[in-house]
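# Report on the structure
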Amino acid sequence: MSDTGDTLRLAALNYHEFPKPGKLEVRATKPLANGRDLARAYSPGVAEACVEIKADPANASRYTSRGNLVGVVTNGTAVLGLGNIGPLASKPVMEGKAVLFKKFADIDCFDLELNEPDPVKLAEIVCAMEPTFGAINLEDIKAPDCFIVERICRERMNIPVFHDDQHGTAIVVGAAAKNALHVTGRRWEDIKIVSTGGGAAGIACLNMLVKLGARRENIWLCDIHGLVYEGRAEDMNPQKAEFAQKTDLRGLDDVIDGADLFLGLSGPGALTVDHVRRMAPQPIVFALANPTPEIMPDLAREAVPDAIIATGRSDFPNQVNNVLCFPFIFRGALDVGATQINDAMQIACVDGIAALARATTSAEAAAAYQGEPMTFGADYLIPKPFDPRLSGIVSTAVARAAMESGVATRPLDDLNIYKAKLDASVFKSALLMRPVFEASKKDARRIVFAEGEDERVLRAAQAVLEETSEQPILIGRPSVIETRCERLGLNIRPGRDFQLVNPEDDPRYRDYWTSYHEIMKRRGVTPDLARAVMRTNTTAIGAVMVHRGEADSMICGTFGEYRWHLKYITQVLGDANHHPHGAVSMMILEDGPLFIGDTHVRVFPTPEDLAETAIGAARHVRRFGIEPKVAFCSQSNFGNQGEDSGKRLRAAIALLDAKPRDFTYEGEMNIDAALDEDLRARLLPDNRMEGAANVLIFSNVDAASGVRNILKMKGGGLEVGPILMGMGNRAHIVSPAITPRGLLNMAAIAGTPVAHYG
């Protein structure tokens, strides 16, 4: 083995062994900290749940984890790439499958490796486990045994049973083939299909293609013994026999001529360069054997340059990967209490996956696969596994199909709400941002993005147009923006979908520089300098646009230092009613949001500044449907130290106390006292705050910024912001680390008129 191979092998083994063996663990979802918890979790309280389930079995989904629990079952007789290695050796694979369920669809799993080679007995064991699980995923069971196991389980069990090697592969192949036909202008009923591989996956794929419209008489199935034909006796079973052709032809070489689609689920070398040349023009080659496909893509493309190629490997375009399917088909099935996964649900899954590939690429998927082609076409037939939209789109399609086909025992009232919930589970900010997005839809505000050529801004502009009623305006060079939109697979274009300001040549240039000069002429800015600024400084250009009423708000800061941007915003947009008095960031944590201020604006705020920051932060917190509880944080606890920070915070509280306030505030105190009600009560029993604070105001920007960054980098926090306060929502400065989703969130915030702040 090469040094590289040794390194990869050791890395894989270390991954499985450290820091603790395996890839799964069981965690409690309810507290168990005292006798009261124990009495509810076990005896005597547990009996109440048992009685309810006895009275109505459907209550098991209310009082236990069964409704979100899948059993991943194998006997290890056909492990991908390894063969019949037995149940124990297959356990790492099954644990991996369980991890994928959890990662991509938040489904809990038990992996069950059963030492039972007899398919009937194996099926009986699986059937006996029905009370434990909401669904069963059969995995890596050899053909034809897998057909027997699945048939028996489906007949006897009243929960979904899905053999992923068969149907999962078939669904993803179906989606890829559907889009390949779309790219080449073919129709299902017209194409000739040649397949190698008569195993479970191969047969399931052919059955799926028939369901999608392919004609059985146009399908030519070959296996290790040659063509499957009528009258053949060697290595036949009923599943293969359904594709037997009445012909004198006997092998792949005899039937490949004129084939539109080659479907390989066999082994390396099954398809030759000559075979590809003999296929129909612009052939579709799905060489899915792993780890070495039936033909390597470079050889197939060398033979026919416009061939459309898919493999099972991640290092080539169009990877047919079951993870595009199984987490989401189970998610939809579980959520409606489906009794089975039927054809309608599988076809809905095909359609959802295929449609997503044809849609604009998500920014999150593009970030996970940097450098790979992400525009729908010959090299992008199916979406990437880390596309976060899969859950909402595919699971919702499956749930709808289950309801419409009559197999849902718990139909959903509103599929739009269901999809929004799934999206919120993927995008951590979605649920908290919902009130802001709803408010932003009421007004079609014009948002100008200063750094319009940035990829993140372009992706955000696409999302703004798709998800809000706002009108993006981009500052940048038309040729650059046009080229980048095409390269990124975005369907937005300047002039058609959004307004563009070209710093190098814009008809409004004179208006802009004269406006800027008028504002700045007594602050040392000459006409020549004003002209230069309006040619080079996109932040200043955006601010002038807002000043002139050509935009309602601006967003800048994807590169550069915060206060550099702030200087130009303050110069142009600052007046008696508008001055920046702080920035607040919402950090979305596992146990809820926490707002941090002032993270950027005032280095050493005065008591007046601190009070103003608290008032502004409270107003912004309410935009998210949250009642603000503000804690002024310091090294001092309620006057026990006399340092500068404590004095300024105490003075700020005194200023707030001078007038009635509509929000709760307390301090000065340590962060732990702010977040721990019991500790705070020991320090000051009659303090005026209940529960944990959700807004932390610090005495200097270093402390606020440090806490914000620690929460983001080490605490798993997702930042929404920073939100610039005091400028009437006319300008916001983001940080260079912002994502396209973060820019979309900021656009929604900017898209709400200040009158809606509450």
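Predicted model only: the values in this text are computed from it and were never measured.

### What to know about a negative patch on the surface
Side chains of D672, D676, E677, D678 and E690 sit close together on the surface and give a patch of like negative charge. Topologically, D676 is positioned in the loop between α28 (671–675) and α29 (677–683).

### Focus: the sheet that holds strand β21 (residues 731–733)
Read across the open sheet, the 5 strands follow the order β13-β12-β11-β14-β21; overall the sheet is parallel. Looking at strand neighbours, the two that pair on one side only are β13 (499–501) and β21, the edges of this open sheet. Neighbour-to-neighbour, the strand axes of the sheet open up by a mean angle of 20 degrees, direction not taken into account. By the bridge criterion, 3 bridges tie strand β14 (residues 553–556) to β21 in an arrangement that is parallel.

### Structural notes on the sheet that holds strand β2 (residues 108–113)
Adjacent strands of a sheet form backbone hydrogen bonds with each other and so pair up, either parallel or antiparallel. With parallel pairing, the 4 strands of this open sheet are ordered in space as β2-β1-β3-β4. Looking at the sheet topology across the chains shown, the edges are occupied by β2 and β4 (161–163). Strand-to-strand twist in this sheet, taken as the mean axis angle between neighbours without regard to direction, amounts to 20 degrees. Where strand β1 (residues 69–74) meets strand β3 (residues 135–138), 4 bridges bridge the pair, whose relative direction is parallel. Looking across to β3, one finds that V70 is bridged to A135. Where helix α14 (residues 326–335) meets the sheet, it contacts β1, β3 and β4, and its direction lies at approximately 160 degrees from that of β3.

### Quick notes on the environment of G597
Inspection of the secondary structure puts G597 in strand β16 (residues 592–597). Classification of G597 as buried rests on a relative accessible area of 0%. Sequence separation of G597 and A583 is 14 residues, and the distance between their C-alpha atoms is 5.9 Å. With near-sequence residues (within four places) excluded, G597 lies in contact with A583, V584, L696, I697, F698 and A704.

### Things to note about helix α26 (residues 607–622)
Under the 1.5 Å per step criterion, the end-to-end length of α26 is 23 Å for 16 residues, consistent within 8% with the ideal 22 Å. Residues P607, D609, L610, A611, T613, A614, G616, A617, A618, H620 and V621 constitute the buried set of α26.

### Here we look at unusual backbone geometry
Backbone torsion omega between A143 and P144 reads 5 degrees, so that peptide bond is classified as cis. As for its position among the elements, P144 is in the loop between β3 and α7 (145–156). Here the residue pair G721 and P722 is connected by a cis peptide bond, since its omega of 0 degrees sits within 30 degrees of zero. Relative to the elements of secondary structure, P722 occurs in strand β20 (residues 718–725). Backbone geometry at Q282 places phi at a positive 45 degrees, although glycine is not the residue there. Structurally, Q282 is set in the loop between α12 (273–278) and β9 (284–287).

### Looking at the packing of aromatic side chains
For the coordinates displayed, the defined rule picks out 8 aromatic pairs. Summarising the aromatic geometry, the rings of F104 and F386 are spaced 5.2 Å apart at their centres and angled 55 degrees between planes, so their arrangement reads as tilted. Of this pair, F104 sits in helix α5 (residues 91–105) while F386 is found in the loop between α16 (363–368) and α17 (389–404), placing the two residues 282 residues apart along the sequence. Judged by relative accessible area, F386 falls into the partly exposed class, the value being 42%. Taken together, a centroid distance of 5.7 Å and an interplanar angle of 90 degrees make the contact between F162 and F330 edge-to-face. Of this pair, F162 sits in strand β4 while F330 sits in helix α14; the two residues are 168 residues apart in sequence, bridging distant segments of the chain. Classification of F162 as buried rests on a relative accessible area of 0%. Among the residues examined, F330 registers a relative accessible area of 0% and is labelled buried. Here the aromatic residues F101, F162, F326 and F330 are joined through ring pairs into a cluster of three or more. Across the ring face of F326, the terminal group of K97 is positioned such that the distance to the ring centre comes to 4.2 Å.

### Considerations on the pairing of β20
For β20, a buried count of 7 out of 8 residues is recorded, marking the element as mostly surrounded by other parts of the structure. Pairing of strand β15 (residues 582–589) with β20, which is carried by 6 bridges, proceeds in the antiparallel orientation. Within β20, the residue paired with M587 across the bridge is E719.

Conventions used here
- Residues numbered from 1 in each chain as written.
- Predicted model: local features only at pLDDT ≥ 70, side-chain atom pairs only at ≥ 80, totals over all residues.
- Heavy atoms only, no water.
- Patch = residues over 30% accessible without salt bridge, like charges linked within 9 Å, V, L, I, M, F, W, Y side chains within 5 Å.
- Areas by Shrake-Rupley, 256 points an atom, 1.4 Å probe, with all protein chains shown as cover.
- Salt bridge = Lys/Arg side-chain N within 4 Å of Asp/Glu carboxyl O.
- Lys, Arg positive; Asp, Glu negative; His and termini not counted.
- Charge placed at Lys NZ, Arg CZ, Asp CG, Glu CD.
- Helix = DSSP H or I, 4+ residues; strand = E, 2+ residues; numbered from the N terminus.
- Pairing = 2+ DSSP bridges.
- Axes fitted to C-alpha atoms, helices over the stretch in contact; angles between N-to-C directions.
- Contact = heavy atoms within 4.5 Å.
- Buried < 20%, exposed > 50% of the residue type's maximum accessible area, 1.4 Å probe, protein only.
- Expected span 1.5 Å × (residues − 1).
- Phe/Tyr/Trp six-rings, centres within 6.5 Å; stacked < 30°, edge-to-face > 60°.
- Lys NZ or Arg CZ within 6 Å of the ring centre and 35° of its normal.

Geometric descriptors of this kind do not, in isolation, establish any biological role.
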